[in-house]
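Examining the three-dimensional arrangement
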Amino acid sequence: MTAAKPILLAEDNPRDAELALAAMEAEHISDKVVLCHDGAEVLDYLYYRGQFKSRLKGNPAVVFLDLKMPKVNGLEVLRAIKADVDLRPIPVVMLTSSREERDLSESYALGANAYVVKPVEFHKFLSAVKELGTFWGVINEPPPEKCRSTD
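These remarks concern the structure in this document. (Residues numbered from 1 in each chain as written. Predicted model: local features only at pLDDT ≥ 70, side-chain atom pairs only at ≥ 80, totals over all residues. Heavy atoms only, no water.)

Details of the overall build of the protein chain
Along the backbone of the protein chain there are 5 helices and 5 strands. Listing each helix as α and each strand as β along the protein chain from the N terminus yields β-α-β-α-β-α-β-α-β-α. Looking at the protein chain as a whole, 47% of its 151 residues are labelled buried. (Helix = DSSP H or I, 4+ residues; strand = E, 2+ residues; numbered from the N terminus. Buried < 20%, exposed > 50% of the residue type's maximum accessible area, 1.4 Å probe, protein only.)

Take a look at the structure:
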């Protein structure tokens, strides 16, 4: 039996990160979550650099990607993921507070699999993250490691 793939959560807001982890803990999937605090950490994780250079091989099941992060923003991370033939199959869910049409359009144009606006209300936020974590981390079948696009 293969070990479950991790969920990569990219969130620079400590409160939102804590709530997201708590929501996933309630669904018993928090042990599969890797938290990155900025876009540079996400890229380090995906490319086995820095603190992640000795992590287990393999892509995450999904990346929950905040749009507005320090160092490297979410759109730049998304662009890098979808430009790399080995990373392109990873589902990327934009999990953001931005309702701007420009952000939504650009996210989908760059290859985002979903765009979810973080609910402001506490219980709605918890519910949304639980549902996302359960679907993408448990129900959805992630692409096999050797899956490559035909671009």
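Now that the structure has been shown, we can carry on.
A look at the side chain of Asp-103
Turning to its location among the elements, Asp-103 is positioned in helix α4 (residues 101-109). Of the polar contacts made by the side chain of Asp-103, one reaches the side chain of Lys-68; its length is 3.1 Å. For Asp-103, the residues in contact, after removing those within four places along its chain, are Leu-67, Lys-68, Leu-75, Ser-98 and Tyr-115. (Polar contact = N/O pair within 3.5 Å; in protein donor to acceptor, adjacent residues only side chain to side chain. Contact = heavy atoms within 4.5 Å.)

Here we look at the packing of aromatic side chains
By the definition in use, this model includes 1 aromatic pair. Looking at Arg-55, its charged tip hangs above the ring of Tyr-45, at a distance of 3.8 Å from the centre. Above the face of the Tyr-48 ring, Lys-57 is positioned so that its terminal group lies 3.9 Å from the ring centre. (Phe/Tyr/Trp six-rings, centres within 6.5 Å; stacked < 30°, edge-to-face > 60°. Lys NZ or Arg CZ within 6 Å of the ring centre and 35° of its normal.)

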